[in-house]
Amino acid sequence: MKELLTNEQRNWVEETWMKVQEKLSVVALRSRDKIPFWSVDGVHDDMKEGRLHCWTNGFWPGLMWLMYSATGEARYRETAEHIEEYLDAVLMNYNDLSHDVGFMWRLASGADYQLTGSEKAKNRQAIAACHLMARFNPTGEFIRAWNPDRNGEKTTGWTIIDTLMNLPILYWASEEYEDPRFRDVAMKHADNTMANHMRLDGSVRHIVKHDPVTGEIVGENGGQGYGIGSSWSRGQAWAVYGFALSYIHTGKEAYLDTAKKAAHYFISCVCEDWLPRQDFRAPEEGIFDASAGLAAACGMLEIAGLVQEYEKKLYLNAAMKLLMTIEEAWADWSDDTDFIVRMSTGSYKVKQSHNTYLIYADYFLAEALYKLKDCGPLFW
Ligand code: GLY
């Protein structure tokens, strides 16, 4: 794909990758005993303090494994291995975990196993895959997202668009153990998501509520976006990247078509200035989500590698526009701060999570560059 880049794009990739390496070579040591989620006054916070089960806790070790894969430098591997040990404390904690065991252990232990062959990492990943399997509702053919009630409502039948990004751990388990059950469950869930979360215009619903006994759809919820009928941009990015990943692991054409449709919608919403709003249909301006743009760009780069020659540039150029614009507007390359990308948003409804630093934005910026430079294998 590199050969399709313009000189300007190619130079940007080289220069920005150098900046990522320079910054992370310092921060990997400074935060070697932390699991960051965001930062306070430029300093990484630490999710070990009471939030070890958080869905984001695979991104920091995942970022370290990406850097190790690209550079072979021991500092990254040591930090990643160290953090994986901490995550063991929640690996068997059914109550506090969720469908997000894929985000957590695929990036942390999946990458470890792929790069080092560690049996311990393989076992962690297998346990996480079994946890995800146990969340499958066979009547409704969906994976349940969360455990706790939300606003007094049971979430037993709730599915969310984000789960797509957790399916690769099931595809891995099927292949590793030569056991079709994991893949069947992943595909049933992906099919269900395609039928019920995708709208005709290519936008997505964040949350769909099913009756957990019959599987019937009984409602929806705007989730982390503005509200019902709105368009949460990171959820849209999960659809772009998640369906592309399901296609990569299964070869089912409908997943690639759906990923493309989700990408076309994403592009149509950002193409004016390439700075993603947190919700493409929210009434007020000024709430952004860099992480949505960066995750969508990673998905578009994968799509560019999968489509016909004449289509490649559409996805590649959209990904490059997102990456270059977000980097120019919102990246912080100073060694004094632990984070790189500003202006991501956790949830529309949580004001203190607006326009802030979030670890997964850094992860997806690095992953996009890692892909563009062909640094190593895909860890999803
Ligand atoms: N998976 C939760 C989020 O994207 O915020």
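Just above, that's the structure.
Q: It is not clear to me how the environment of Leu275 should be interpreted in this structure. Could you clarify?
A: Residue position: Leu275 is located in the loop between α9 (253-270) and α10 (290-306). Overall, the relative accessible area of 17% leaves Leu275 in the buried class. Every residue in contact with Leu275, bar those within four places of it in the chain, is listed here: Val270, Phe288, Thr325, Ile326, Ala329 and Trp330.

Q: I would appreciate a short explanation of the site of the ligand in the present structure.
A: Lining the immediate surroundings of the ligand are Trp55, Asp162, Gln224, Trp232, Arg234 and Trp238. Between the ligand and the protein, one listed contact pairs an oxygen atom with a side-chain N or O atom of Arg234 at 2.5 Å. Trp238 is positioned such that a nitrogen or oxygen atom in its side chain is 3.0 Å from an oxygen atom of the ligand. Considering only residue class, the shell around the ligand consists of three nonpolar, one polar and two charged.

Q: Would you explain unusual backbone geometry in this entry?
A: Across residues other than glycine, the phi torsion is negative in most instances, and most of the peptide bonds are trans. With a phi close to 45°, Asn151 is a non-glycine residue in the positive phi region. Along the chain, the position of Asn151 falls in the loop between β4 (142-143) and β5 (158-160). Despite not being glycine, Met343 shows a phi value in the positive range, around 70°. Along the chain, Met343 falls in the loop between α11 (309-330) and α12 (359-372). Residue Met343 is classed as buried on the basis of its relative accessible area, which comes to 15%.

How each quantity is defined
Residues numbered from 1 in each chain as written. Predicted model: local features only at pLDDT ≥ 70, side-chain atom pairs only at ≥ 80, totals over all residues. Heavy atoms only, no water. Helix = DSSP H or I, 4+ residues; strand = E, 2+ residues; numbered from the N terminus. Buried < 20%, exposed > 50% of the residue type's maximum accessible area, 1.4 Å probe, protein only. Contact = heavy atoms within 4.5 Å. Near = heavy atom within 4 Å. Polar contact = N/O pair within 3.5 Å; in protein donor to acceptor, adjacent residues only side chain to side chain. Nonpolar A, V, L, I, M, F, W, Y, C, P; charged D, E, K, R; others polar.

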